[in-house]
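# An overview of the molecular structure
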Amino acid sequence: MPNIYLSPSLQEWNPYVDGGNEEYYMNLIADAMEPYLKSSGINFTRNSPDMTLRQAINQSNAGNYDLHLAIHSNASGENNAGKNRGVEVYYYPTSSKGQGFAETLATNYSELYPDPDRVKTIPTTTLGELRLTKAPAALIEVAFHDNIDDARFIRSNIGEIAKNLAKSVAETLGVPFKEP
């Protein structure tokens, strides 16, 4: 049975433009993913909001996972706060499985996000959840939470985002996606 590590954001300190925070909303998405993963026969382990990022990476590396999925929402730098929109899916450049996972996430997510041209994959060596995890990994920034329209998109589509991400996980693992 396939096995993944789900890592919703631990950034309680990262506020949404109109209330709430990144950790809260990304955990709602992970919560909503669980029934889809179970129905599709995918085992999972999740980080806990009281963990540090290092603890989550260590927990992921202590298991035997086929994939590691980090779920985040994005924010622009101080000078561009609220001006950016879109979705970024990161992968480690030397991980072909991580890249394939990221591309599947981006392809499927572009069917959900209101502006598909703003969904992109990006290789990076700077993110710990990609650089330090044993399992092939992808980190998705589901939209910009400092942009009012993107923040509303996230909040209004928790269930659809979860379904979309779970579908991408199943597709990457080569298992049939099943509704709960």
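Quick summary incoming for the structure in this document. A quick note: this is a predicted structure, and the numbers were derived from the prediction, not measured. (Residues numbered from 1 in each chain as written. Predicted model: local features only at pLDDT ≥ 70, side-chain atom pairs only at ≥ 80, totals over all residues. Heavy atoms only, no water.)

What follows covers the layout of surface pockets. Any empty space left between atoms is shown by rolling a water-sized probe over those atoms. Here the largest pocket defines a volume of roughly 210 Å³. For the largest pocket, the lining is made up of 16 residues, of which Gln11, His72, Leu127, Leu139 and Glu141 are closest to its centre. Contributing elements (two or more residues each) for the lining of the largest pocket: β3 (67-74), β4 (87-91), α4 (128-131) and β6 (137-144). With three residues, the single largest contributor to the lining of the largest pocket is β3. Its residues assigned to classes, the lining of the largest pocket comprises five nonpolar, seven polar and four charged. (1 Å grid on protein atoms, 1.4 Å probe; cavity = no way out; pocket = protein on both sides within 12 Å on 5 of 7 lines; lining within 4 Å. Points joined across faces, edges and corners; volume = space filled by probe spheres on them. Helix = DSSP H or I, 4+ residues; strand = E, 2+ residues; numbered from the N terminus. Nonpolar A, V, L, I, M, F, W, Y, C, P; charged D, E, K, R; others polar.)

Moving on: the packing of helix α1 (residues 22-39) against helix α6 (residues 158-173). The description of two packed helices rests on the angle between their axes and on the distance between the axes. Running from N to C, α1 and α6 point in directions that differ by 55°, and their axes come no closer than 8 Å. It follows that α1 is oblique to α6 by the angle criterion. Viewed along their axes, α1 and α6 form a crossing whose handedness is right-handed. Contact residues: Tyr25, Leu28, Ile29, Ala32, Met33, Tyr36 and Leu37 in α1; Ile158, Gly159, Ile161, Ala162, Lys163, Leu165, Ala166 and Val169 in α6. Grouping the constituent residues of the contact of α1 with α6 by class yields 13 nonpolar, one polar and one charged. (Axes fitted to C-alpha atoms, helices over the stretch in contact; angles between N-to-C directions. Parallel < 35°, antiparallel > 145°, perpendicular 65-115°, else oblique. Left-handed = near helix turned anticlockwise from the far one by under 90°. Contact = heavy atoms within 4.5 Å.)

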